[in-house]
Amino acid sequence: MLHDLCVSGVYHMQCKFCKFTSSSQEVLLKHCRLHHGKDHTSLLKATVLNSYCWNKSCWQIITLLQPTQLLMKLMALLLCVVISPKEARQLKLSEVPESVDQLVDVIKERLELQGDFLVQFEDPDFGNALCNLTTMSELPAEHAVLHIVWDSDSSSLNQCIGSVSSLDTASVHSGDIRSSWTDSIQTNLRHVTQWPSPFPIPKLSYDVELQLRKGNETYEKSKKGLDATREIKMEILDKIAQAIFEIKSYPEKDELESVGSSLVLKYPCLKEPGSITGYEGWKTSIKYKLGNFRTKLRRAGCNEVDVNSKRKGGTEDNSPFTLKRPRRGEVNHVRDYPQHHSDFTLEEERLHLVEEMKKKKRDQTLIQHKMELTFSLRRKEIVEGQPMVSEVQERWPALFSCEQISQEFCRITSKDLLESFRGSPDIYVPRLLRLYWARKGAFGQKMEDVLDALDEKTSDILTHRKIAALRGLPIFVRDDTFKFFLQCSASDTEEQVIRDATVAILSVHEDDDALNAVNVAVVLEGAIMLQDLPDLCTAFAYLFGLLYTMNIDSPKEMFYTFEAVQCIFFDLGSRCSQRIRSLRTKLQL
């Protein structure tokens, strides 16, 4: 046992294996561990409990510190700090804090956390149930599992986890933690639906702004441009590339034109002498700088550009590129995973979603939350893997409902599917029908049949006018509707009608009534995806949303019809073919 000494009124302890003495319990304990290779915590505890000294002042010094507090102060403590359901970290403390507040400060400092939180610990006396930590003596000896309970009013909730820089901390995974922390995860989606005009030139560094301001003053007086140095050009191009990518990863040619125009409009001193527009060189430089910026993002692991540069036939250097660019109007093509999530954690969420879809009474709030959370994983699978619709239907059954098709379309384009489609025809239906009547003879019997069927309707005229406008649109733009608008009677076998259809709308009629449909269904890859839809316009809207959701191109025989819906009804993208541009002009007259 350790021996007690009192020298000059000061309480000392002596190692029983050697003559080393010290007035510090911590120093003596460290000495025993380093020189004798033993942990004398139990011996030290017995010594402290039985120690005494005849010197009054020494005895008072001893009793000021209780044995339990002294041991807690001397012992090293290993903590597993559970920060979120998907994030836990190991933290080793060489000295135990004296209070819970000090422990909170240590956790914030070592793990670089921000915000207010409460600390709970797993109590082994109650089957590892969670209990609020009020005093440090409640913690189990040597190691403990702490749980962070975030304050819901903390503004730093979503930025609570920082980088781990100390050598004595390590990341560990906790898969059995219950919490609603994932409700606050940001999915980092873009919400800009239109390219801004004029393009907002970002703020540059102070020194560059100063030089450009002085350059503008000189340009106003003498019309002499600024001889921009390499540093100025790099600063301008870097900031513009970042600003462009925040809006769109692959801008069109006319959009790059607007960036160059806005640049020389804000800084006339940057106009290029001898250039017709004054920004041709800047436009080219921005284009290549944006390409270099995407390369950096791909190396950093950005999903959106990484999936757009996958190679055919593996990773051989001589294999050609297959670029998967965003479709017209796609704001969020393939986004990065939510913070603190990976392939593994998102796959777990997908499996929970599949199980929920098997229930008779489904929690729609839970389904909505998990569909939003797994959006980036789903888009990566669909865009990169290009699976069959049946495969996606098996892995993501919740996606093939009317509500989730609308939600997914909104995540991709930031536009409301049904509101946009229903609102635009209300504006264009009368104008389309006037065009159909004016040029009925030029389109033959098909257009006459559409208009004659409308004349025969005596009820629900507004709905039938929309259906007539939609049926006449492919005829007006000279598309082939033979394989797209499918019809059959209720007594026919639907499988035979849709067997060879890749993208189509099926209308089922009663045997004695060929004008009124009793069932309208959406068909993809020879299978019915949605059925019992109220009318043809609603079916077309959901089909349009499914094509974006599944990243499927519109059928070639209906190319101009879908382009008209994209550019005119949904206002997705500014570029379109001459045929659709002509139609849009006629509708605006």
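Residues numbered from 1 in each chain as written. Predicted model: local features only at pLDDT ≥ 70, side-chain atom pairs only at ≥ 80, totals over all residues. Heavy atoms only, no water.

**A few points about unusual backbone geometry**
In step 1: That bond from S197 to P198 is cis: its omega, 0°, falls within 30 degrees of zero.
In step 2: Residue position: P198 is located in the loop between β9 (169-172) and α6 (206-222).
In step 3: Phi at H340 takes a positive value of approximately 70°, unusual for a residue other than glycine.
In step 4: Its location among the elements puts H340 in the loop between α10 (303-306) and α11 (343-357).
In step 5: Positive phi values are uncommon outside glycine, yet S414 reaches one of about 60°.
In step 6: Along the chain, the position of S414 falls in the loop between α15 (402-413) and α16 (417-438). (Helix = DSSP H or I, 4+ residues; strand = E, 2+ residues; numbered from the N terminus.)

**Quick notes on the packing of α15 against helix α20 (residues 536-549)**
In step 1: The geometry of α15 relative to α20 is characterised by a closest axis approach of 9 Å and an angle of 55° between their N-to-C directions. In terms of their interaxial angle, α15 and α20 are classed as oblique. In this structure, α15 crosses over α20, and the sense of that crossing is left-handed. Contacts from C402, I405, S406, E408, F409, I412 and T413 of α15 reach α20 at Y542, F544, G545, L546, Y548 and T549.
In step 2: In terms of residue class, the contact of α15 with α20 is built from 8 nonpolar, 4 polar and 1 charged. (Axes fitted to C-alpha atoms, helices over the stretch in contact; angles between N-to-C directions. Parallel < 35°, antiparallel > 145°, perpendicular 65-115°, else oblique. Left-handed = near helix turned anticlockwise from the far one by under 90°. Contact = heavy atoms within 4.5 Å. Nonpolar A, V, L, I, M, F, W, Y, C, P; charged D, E, K, R; others polar.)

**Some thoughts on the packing of α11 against helix α12 (residues 364-373)**
In step 1: Running from amino to carboxyl end, α11 crosses α12 at an angle of 150°, the nearest separation of the two axes being 10 Å. As judged from the angle between their axes, α11 and α12 are roughly antiparallel. Note on packing geometry: the crossing formed by α11 with α12 is left-handed. From α11, L346, E349, H352, L353, E356 and M357 reach across to α12, where they touch L366, I367, K370, M371 and L373.
In step 2: Looking at the contact of α11 with α12 residue by residue, the classes come out as 7 nonpolar, 1 polar and 3 charged.

**A look at the pattern of salt bridges**
In step 1: Following the criterion strictly, the structure yields 14 salt bridges and no others.
In step 2: Note that K358 and E355 form a salt bridge whose closest N and O atoms lie 3.4 Å from each other. (Salt bridge = Lys/Arg side-chain N within 4 Å of Asp/Glu carboxyl O.)

**Observations concerning a negative patch on the surface**
In step 1: Together, D449, D452, D455 and E456 make up a region of like negative charge exposed at the surface.
In step 2: Checked against the element boundaries, D455 lands in helix α17 (residues 444-455). (Patch = residues over 30% accessible without salt bridge, like charges linked within 9 Å, V, L, I, M, F, W, Y side chains within 5 Å. Areas by Shrake-Rupley, 256 points an atom, 1.4 Å probe, with all protein chains shown as cover. Lys, Arg positive; Asp, Glu negative; His and termini not counted. Charge placed at Lys NZ, Arg CZ, Asp CG, Glu CD.)

**Digging into the nonpolar core**
In step 1: By size, the foremost hydrophobic cluster in this structure holds 78 residues, and its most contacted members are L432, F484, I505, L524, F544, F570 and L583.
In step 2: In this structure L432 touches A469, L473, F569, L583 and L587, once residues within four positions along its chain are discounted.
In step 3: Of all hydrophobic cores here, the second largest spans 33 residues; its members include I236, I240, I286 and L290. (Core = buried A, V, L, I, M, F, W, Y, C linked by side-chain atoms within 4.5 Å. Buried < 20%, exposed > 50% of the residue type's maximum accessible area, 1.4 Å probe, protein only.)

**Considerations on the packing of aromatic side chains**
When we look at a pair of aromatic rings, we describe it by the centre distance and by the angle of the planes.
In step 1: For the coordinates displayed, the defined rule picks out 19 aromatic pairs.
In step 2: For the ring pair F484 and F485, a centre distance of 4.9 Å and an interplane angle of 75° mean the geometry is edge-to-face.
In step 3: On the accessibility criterion, F484 (1% relative accessible area) is buried.
In step 4: Arranged with centres 6.4 Å apart and planes meeting at 10°, the rings of F544 and F562 form a pair that is stacked. Residue F544 is located in helix α20, and its partner F562 is located in helix α21 (residues 559-569); the two are separated by 18 residues in the primary sequence. The same class applies to F544 as to F562, namely buried.
In step 5: Among the aromatic side chains, those forming a connected cluster through ring pairs are F409, F421, Y428, F484, F485, F540, F544, Y548, F562, F569 and F570.
In step 6: Geometry around F485 places R471 over its ring, the cationic atom sitting 5.0 Å from the centre.
In step 7: We note R579 situated over the ring of Y560; from NZ or CZ to the ring centre the distance is 3.9 Å. (Phe/Tyr/Trp six-rings, centres within 6.5 Å; stacked < 30°, edge-to-face > 60°. Lys NZ or Arg CZ within 6 Å of the ring centre and 35° of its normal.)

**Things to note about helix α22 (residues 578-588)**
In step 1: Buried residues of α22: I580, L583 and L587, and no others. Down the axis, α22 shows its buried residues gathered within 55° of arc, on one side only. Of the exposed residues in α22, those oriented more than 90 degrees away from the buried face are Q578 and Q588. (Arc of directions from axis to C-beta.)

**So, the confidence of the model for the chain**
Caution applies to low-pLDDT regions: their predicted coordinates should not be interpreted in detail.
In step 1: The pLDDT averaged across the chain works out to 78; a share of 77% of its residues lies at or above 70.
In step 2: Within the chain, the element-level pLDDT minimum falls on β9, averaging 36, and the maximum on helix α14 (residues 389-395), averaging 93.
In step 3: Counting contacts from residues 1-11, a segment whose pLDDT is below 50, to residues more than four positions away or on other chains yields 43 contacts.
In step 4: This stretch, residues 152-186, has a pLDDT under 50; its non-local contacts, to residues over four places away or in other chains, come to 72 contacts. (pLDDT = per-residue confidence, 0-100.)

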